[in-house]
Structures are given as C-alpha cells and as structure tokens.
Amino acid sequence: MSDALVPPDGPVGAQPETPVCARHSDRPTRLRCTRCDRPACPDCLRDASVGMQCVDCVNEGNRTVRRPRTLAGAQVSDGRPIVTYVMIALNVLAYVVTVVQSGSPMNNSRAGLFQETSLIPELTASGEWWRVVTSGFMHFGLIHLAFNMAALWVVGPVVEQELGRLRYTAVYFLSLLGGSAAAFYFGTVCQQLAGASGAVFGLMGAVLIVFKRQKRDISTIVVVVGINLVSNFFTNASLLGHLGGFVVGGLLTLAMVKAPQANRNAYQIGAVVAVAVLLAGMFLLRASELDTAAEVILEIARTCRPN
C-alpha cells in the first residue's frame, strides 16, 4: 500500500471557522465569556470571580447586585472627596483674589471683593442677601484661611464618604447658613463676619454623629470641638457662628442617618427643607427688626462701618 498523499494546503475536509467577537465583528477570537458563552476579544473581557466575563455581563451584574450602603444611604465608595476639594479650591481662589486686590496677604479684608461679599448685618438686612453665602468663602488673612482649610481637609472626606456627595453638599451649605443665621439673628449689628468656620463646625458636628452611630470613639472629636469653641474667647472669631454651624450640621446629619430605610430619601429631603425654612425665617425676622426705617439703617452704617 502506498501512503496517501496529503494536500499541501492541509488535511482534506472542512475546517471550523474562527468565531468573531460579539461586539467587534472584525476581530476573530477563541475566547468566550464564562457567563453567556459568547465569543469575546480580550478588550471586551473582564476578570471575574470565576474565569472572565464580557463587559455586557459585567454591567448586567452591577445592575442586579445590591451594593453596600452607608448609614445615610450613600453607596460605599473609596472614591476621592471631590466636593471637599472643590470647596477648598473655591476658598483659596477667593482669598487669592482679595490678596491681589488689597496687596496684602494679612490685611486682605480691605479688598473690594471682601467688602462686597462679607456678612455685614445692616447691608444684608437692606437687601444684599448674597452675603449670607458669599461670606463663607472670605477669610481674614492667611492664618484664618489655613486653619479652616486644614480642618476641612481632615473632616470633609470622612463626612463626604458617609453621606455621599449630594447629602454632603446640603450639610455643608446649610451649616454655612446656620453659622451666618446664628450670628445675624443673635449677634450685634456692628460686626463684619467672614470665614468657612460655620460650615467646618457643621462637618465636625456631622462627624460626631456619624462616629457615635458607628459606635466609634468620639473623644478626639469632642476635644477638638471643645478646644475650637474655647479659642473663641481669646480671638475675634464668632462663637455664635461656630455654634450655629455645629448645631445645624449635627442635627441635619442625625436626621439623615436615622431616617427609616423604607422612605429614606423623602425623610432626608424633608429634613433639608425644614432646616432651610427655619434659617430663612431667622434671616427675615431679624431683617424686619433692623429695617424699621431707611434712616436707621443709614445711621447704623455711618456708625459701624470703618471709614
């Protein structure tokens, strides 16, 4: 018997065609998704607990798997605290502008931007309501800015991770307004207020609530808050502003972490609205007391404001 001749192009018979990627028809592949068994090229595969899955199966799994959430209902994440970084950047930018305008890093309160945006009660009561927010981004000199931003850098990421970005933003700004409202409502007319202290103290109150609910040691937080409050008696800082921010931030965070899971979002939105209405009422009530007559306002301005 003679040996069979083998064709130069390979053995006789049909050869199986190489399948192509389900997402890229121009890419032949022998790889398959371990979940749906569809062909997939290396770019469309992701590591899974068993084998590799295509991106479609990975996305479907992410939609169906319940991710762990924090006490406030935010998804557990190790992402960067974007909102905290943005707040720090805005405060630093505002300070730089006032330094450029005033020509002094320590006496920047002479800057036009500072005078137009800081909290001056008689001007706020006469209609310049933007000051209750913008004053939270002004600072009396470099030391004032450095202390507030250092505290925000330390405390902010903890609260942002627990509350999530949207809730954290609400707590930050309502704490800022809480500090302004306390100083505006209970303080004297002859004052000029500025700084992120109300918001920072609000975040301290938030951390205190979060740590307490997580059964973590709160002694360090209590000591830090106590030292900062006592320091108000030896500086020109506003004790009322600090206390207002602390109370608002703490109470609002408490409402968020204790909201029932079934109707969590509704309860949290209700808490935010209630606090906002309360603060607005404080501003308006105090303004009505100050704005009894235009002549009185002008007289206060001539008496209180520096020449």
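Above this note sits the structure.
None of the values given here were measured: they were computed from a predicted structure.

A.B. asks: Report on the packing of helix α7 (residues 165-186) against helix α11 (residues 264-290), specifying residues and quantitative values.
C.D. replies: Closest axis-to-axis distance for the α7/α11 pair is 10 Å, and the angle between their directions is 25°. Here α7 is positioned roughly parallel relative to α11, judged by the angle of their axes. Viewed along their axes, α7 and α11 form a crossing whose handedness is left-handed. Residues of the contact of α7 with α11, tallied by class, amount to 17 nonpolar, four polar and three charged.

A.B. asks: Let's hear about the pattern of salt bridges: which residues, and what values?
C.D. replies: Counting across every chain of the model gives four salt bridges. With a closest N to O distance of 2.9 Å, Asp56 and Arg23 form a salt bridge. Residue Asp56 is found in helix α1 (residues 55-64), and its partner Arg23 is found in the segment before β1 (45-47); the two are separated by 33 residues along the sequence. Two residues, Asp43 and Arg27, come together in a salt bridge whose shortest N-O distance is 2.9 Å. Of this pair, Asp43 sits in the segment before β1 while Arg27 sits in the segment before β1, and the two are 16 residues apart along the sequence. Looking at Arg27, the relative accessible area reads 31%, which means it is partly exposed. One continuous salt-bridge network, built from bridges that share partners, spans Arg23, Arg38 and Asp56.

A.B. asks: Break down the environment of Ala199 for me, with residues and values.
C.D. replies: Tracing the backbone through its elements, the reader meets Ala199 in helix α8 (residues 197-213). Of the residues examined, Ala199 reaches a relative accessible area of 1% and is grouped as buried. For Ala199 and Tyr172, which are 27 residues apart along the polypeptide, the C-alpha to C-alpha distance reads 5.3 Å. If we ignore the near neighbours within four places in the chain, the residues touching Ala199 are Tyr172, Ser175 and Leu176.

A.B. asks: Now, about the packing of α7 against helix α10 (residues 239-257): what can you tell me, with residues and values included?
C.D. replies: Close contact between α7 and α10 brings their axes to 7 Å; oriented N to C, the two are set at 145°. By crossing handedness, the relation of α7 to α10 is classed as right-handed. Between α7 and α10, the residues in contact are Arg167, Ala170, Val171, Leu174, Ser175, Gly178, Gly179, Ala182, Ala183 and Phe186 and Leu240, Gly241, Gly244, Gly245, Val248, Gly249, Leu252, Thr253 and Met256, respectively. Tallied by class, the residues present in the contact of α7 with α10 amount to ten nonpolar, eight polar and one charged.

A.B. asks: Describe the packing of aromatic side chains, listing the residues and the values that go with them.
C.D. replies: Inspection of every chain in the model, using the stated rule, returns eight aromatic pairs. On the basis of an interplanar angle of 65° and a centroid distance of 6.0 Å, the ring pair of Trp129 and Phe184 is categorised as edge-to-face. Of this pair, Trp129 sits in the loop between α4 (121-125) and α5 (131-134) while Phe184 sits in helix α7, placing them 55 residues apart in sequence. Judged by its relative accessible area of 29%, Trp129 falls in the partly exposed class. On the basis of an interplanar angle of 45° and a centroid distance of 6.4 Å, the ring pair of Phe137 and Phe173 is categorised as tilted. Of this pair, Phe137 sits in the loop between α5 and α6 (141-163) while Phe173 sits in helix α7, and the two are 36 residues apart along the sequence. Accessibility expressed as a relative area gives 13% for Phe137, which makes it buried.

A.B. asks: Which residues make up the nonpolar core, and what values go with them?
C.D. replies: Ranked by size, the top nonpolar core spans 57 residues in total, and within it Leu152, Val159, Tyr168, Tyr172, Leu203 and Leu279 carry the most contacts. When residues of this core are traced back to their parent elements, those giving at least two are α2 (82-102), α6, α7, α8, α9 (219-231), α10 and α11. Leu152 has contacts with Thr84, Met87, Ile88, Pro157, Tyr168, Tyr172, Val200 and Leu203, leaving out every residue within four places of it along the chain. Cys33, Leu45, Cys54 and Cys57 belong to the second largest nonpolar core, which has eight residues in total.

About the thresholds
Residues numbered from 1 in each chain as written. Predicted model: local features only at pLDDT ≥ 70, side-chain atom pairs only at ≥ 80, totals over all residues. Heavy atoms only, no water. Axes fitted to C-alpha atoms, helices over the stretch in contact; angles between N-to-C directions. Helix = DSSP H or I, 4+ residues; strand = E, 2+ residues; numbered from the N terminus. Parallel < 35°, antiparallel > 145°, perpendicular 65-115°, else oblique. Left-handed = near helix turned anticlockwise from the far one by under 90°. Nonpolar A, V, L, I, M, F, W, Y, C, P; charged D, E, K, R; others polar. Salt bridge = Lys/Arg side-chain N within 4 Å of Asp/Glu carboxyl O. Buried < 20%, exposed > 50% of the residue type's maximum accessible area, 1.4 Å probe, protein only. Contact = heavy atoms within 4.5 Å. Phe/Tyr/Trp six-rings, centres within 6.5 Å; stacked < 30°, edge-to-face > 60°. Core = buried A, V, L, I, M, F, W, Y, C linked by side-chain atoms within 4.5 Å.

Geometric values such as these leave the question of function open.
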